[in-house]
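# Results of the structural survey
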Amino acid sequence: MTPASAVSAATGDPENWTPLLEEAAREVFELMLNSSLTRSASAKQEVPGITAMVGLAGRLCGLLSIRCNRKTATLMASKMLAMEMSEADGEVFDAFGEVGNMVAGNFKNKVPGLGDGCMLSVPTVVTGTDYSLHSTTAVPAIELHLLFENLLVSIALQISE
Amino acid sequence: MNSISALIVDDSSVMRKIVERSLRQAGMDLKQVLEAANGAEALGILNENLVDIILCDINMPVMDGLEFIKQLPTVVNAKGVPVVMITTEGSEAHVVQAISAGARGYIRKPFTAEQVKEQILPILAGKP
């Protein structure tokens, strides 16, 4: 059994995880940011600028990442804290990392059999414009492109083999 | 309800603020809110302060929430102080682990102020 099929046997078909990931993200934004997410027709970020990453290890190994530009991340932090924030500083990075952490945690709790057998790392936030995420696996990532206050937010779940 | 002192333990300062806001939205009169970024820091704070309730994350660097609860009985000031976990680790195994270790309640992130109220008010009222 390949690692990918082992994951599938234990937790259901990863191809069916896209709606669960979207639902997990929607709940986080609705409950913690008081905002709705809608599907985006475009996946093109002007300047991504900021990425939060949360590692998953155990029954499912992989990486959940959430990307947007700094303006979007600042708005997320403003919504979370219910206060105006003007620039992407440490508090914005902290808030953005927590959004990634909650989406990852909420997602794994929705996948049957995954909650107990999968641990999350603490979130890591990377800023800048000239970087790429490279996976060592051939399994394609589950990707979602959503609009938060009409601003693009991309969420990807890369499963490791 | 009398005013209470709370200790909020989370490695995210943003999340600590959100938990505090949720407590206030839940109608709690907070006379003092203490904050710690991990379990070890929280034990240090409890050595010098009395609180009525502790709200604690699980996944934290230095000392995680489960280890913190296990070490809590060593702190005289923490005797009988209820601990409520607030965490993304919402699996049944984690809930069982936390309750076995001594937690009185468990709130999954993301959460609402209403959920915080439902969990915490009965605990503060002394209900099992």
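None of these values were measured; they are calculated from a predicted model.

Scanning chain B for helices and strands turns up five helices and five strands. Scanning chain B from its N terminus toward the C terminus, one meets helices and strands in the order β-α-β-α-β-α-β-α-β-α. Taking 128 residues into account, the globule formula puts the C-alpha radius of gyration at 14 Å, and chain B, at 13 Å, falls close to it. Here the C-alpha coordinates of chain B stretch approximately 35 × 30 × 30 Å along the principal axes. Once local pairs closer than 6 in sequence are excluded, the contacts in chain B between residues at least 24 apart make up 66%.

Looking now at the overall build of chain A. Helix and strand content of chain A: four helices and seven strands. N-terminal to C-terminal, the α/β element order of chain A is α-α-β-β-β-α-α-β-β-β-β. Buried positions account for 43% of the 161 residues belonging to chain A. Of the contacts formed within chain A by residues at least 6 apart in sequence, a portion of 64% connects residues at least 24 apart.

Before going further, it helps to spend a moment on the pairing of strand β4 (residues 83-87) of chain B. Residues and elements named next belong to chain B. Within β4, five of the five residues are buried, which leaves it mostly tucked inside the rest of the structure. Across the two faces of β4 the burial is the same, with V83, M85 and T87 and V84 and I86 all buried. In terms of strand pairing, strand β3 (residues 53-56) meets β4 through three bridges, oriented parallel. Bridge pairing in β4 links C56 to M85. Considered for its hand, the β-α-β crossover made up of β3, helix α3 (residues 65-71) and β4 is right-handed. Here four bridges tie β4 to strand β5 (residues 105-108), and the two strands are oriented parallel to one another. Bridged to M85 within β5 is Y106. Each parallel crossover has a hand, and for β4 linked through helix α4 (residues 92-101) to β5 it is right-handed.

Residues and elements named next belong to chain B. Ordered by their spatial adjacency, five strands build an open sheet running β2-β1-β3-β4-β5, and the pairing between neighbours is parallel. This sheet does not close on itself; its edge strands, each paired only once, are β2 (30-36) and β5. For this sheet the average axis-to-axis angle between neighbouring strands, irrespective of direction, equals 20°. The strands that helix α5 (residues 113-124) touches are β1 (4-9), β3, β4 and β5; relative to β5, the one it contacts most, it runs at about 170°.

Let us now look at the packing of helix α2 (residues 17-32) of chain A against helix α4 (residues 90-110) of chain A. Residue and element names in this part refer to chain A. Direction vectors running N to C along α2 and α4 enclose 130°, while the axes themselves pass 8 Å from each other. Taken together, α2 and α4 sit at an angle that is classed as oblique. Our pair here, α2 against α4, has a crossing hand that is right-handed. For the pair formed by α2 and α4, the contact residues are L20, L21, E23, A24, A25, E27, V28 and M32 on the first element and V99, M102, V103, N106, F107 and K110 on the second. Counted by class, the contact of α2 with α4 contains ten nonpolar, one polar and three charged residues.

Looking now at the interface of chain B and chain A. Where interface size is quoted, it is often the accessible area lost as the parts come together. If you look at the interface, chain B gives 20 residues, while chain A gives 21 residues. Among the elements of the structure, α1 (13-25) and α4 of chain B are those that each provide at least two residues to the side of chain B that touches chain A. Sort the elements by how many residues they give to the side of chain B that touches chain A and α1 of chain B lands first, with six residues. Split into classes, the residues belonging to the side of chain B that touches chain A amount to seven nonpolar, seven polar and six charged.

Residues and elements named next belong to chain A. Here strand β6 (residues 142-148) shows a clear split, with I142, L144, L146 and F148 buried on one side and none of E143, H145 and L147 buried on the other. With seven bridges connecting them, β6 and strand β7 (residues 151-159) associate as antiparallel partners. From the neighbouring strand, H145 faces β7, where its bridge partner is S154. Adjacent in sequence and paired antiparallel, β6 and β7 are bridged by two residues, among which E149 carries a positive phi angle near 50°.

Attention now goes to α4 of chain A. For α4 of chain A, built from 21 residues, the straight-helix expectation of 30 Å at 1.5 Å per residue is met to within 8% by its first-to-last C-alpha distance of 30 Å. Burial within α4 of chain A is extensive, with 19 of its 21 residues counted as buried.

Mean pLDDT for chain A: 85, with 87% of residues reaching 70 or above. Across residues 1-6 of chain A, where pLDDT falls below 50, the model places six contacts with residues more than four positions away in sequence or in other chains.

Rules of the game
- Residues numbered from 1 in each chain as written.
- Chains lettered and ligands numbered in written order.
- Predicted model: local features only at pLDDT ≥ 70, side-chain atom pairs only at ≥ 80, totals over all residues.
- Helix = DSSP H or I, 4+ residues; strand = E, 2+ residues; numbered from the N terminus.
- Rg over C-alpha atoms; globule rule 2.2 N^0.38 Å.
- Contact = placed C-beta atoms within 7 Å.
- Buried ≥ 20, exposed ≤ 12 C-beta atoms within 10 Å, placed from the backbone.
- Pairing = 2+ DSSP bridges.
- Right-handed = clockwise from strand over helix to strand, strands pointing away.
- Axes fitted to C-alpha atoms, helices over the stretch in contact; angles between N-to-C directions.
- Parallel < 35°, antiparallel > 145°, perpendicular 65-115°, else oblique.
- Left-handed = near helix turned anticlockwise from the far one by under 90°.
- Nonpolar A, V, L, I, M, F, W, Y, C, P; charged D, E, K, R; others polar.
- Expected span 1.5 Å × (residues − 1).
- pLDDT = per-residue confidence, 0-100.

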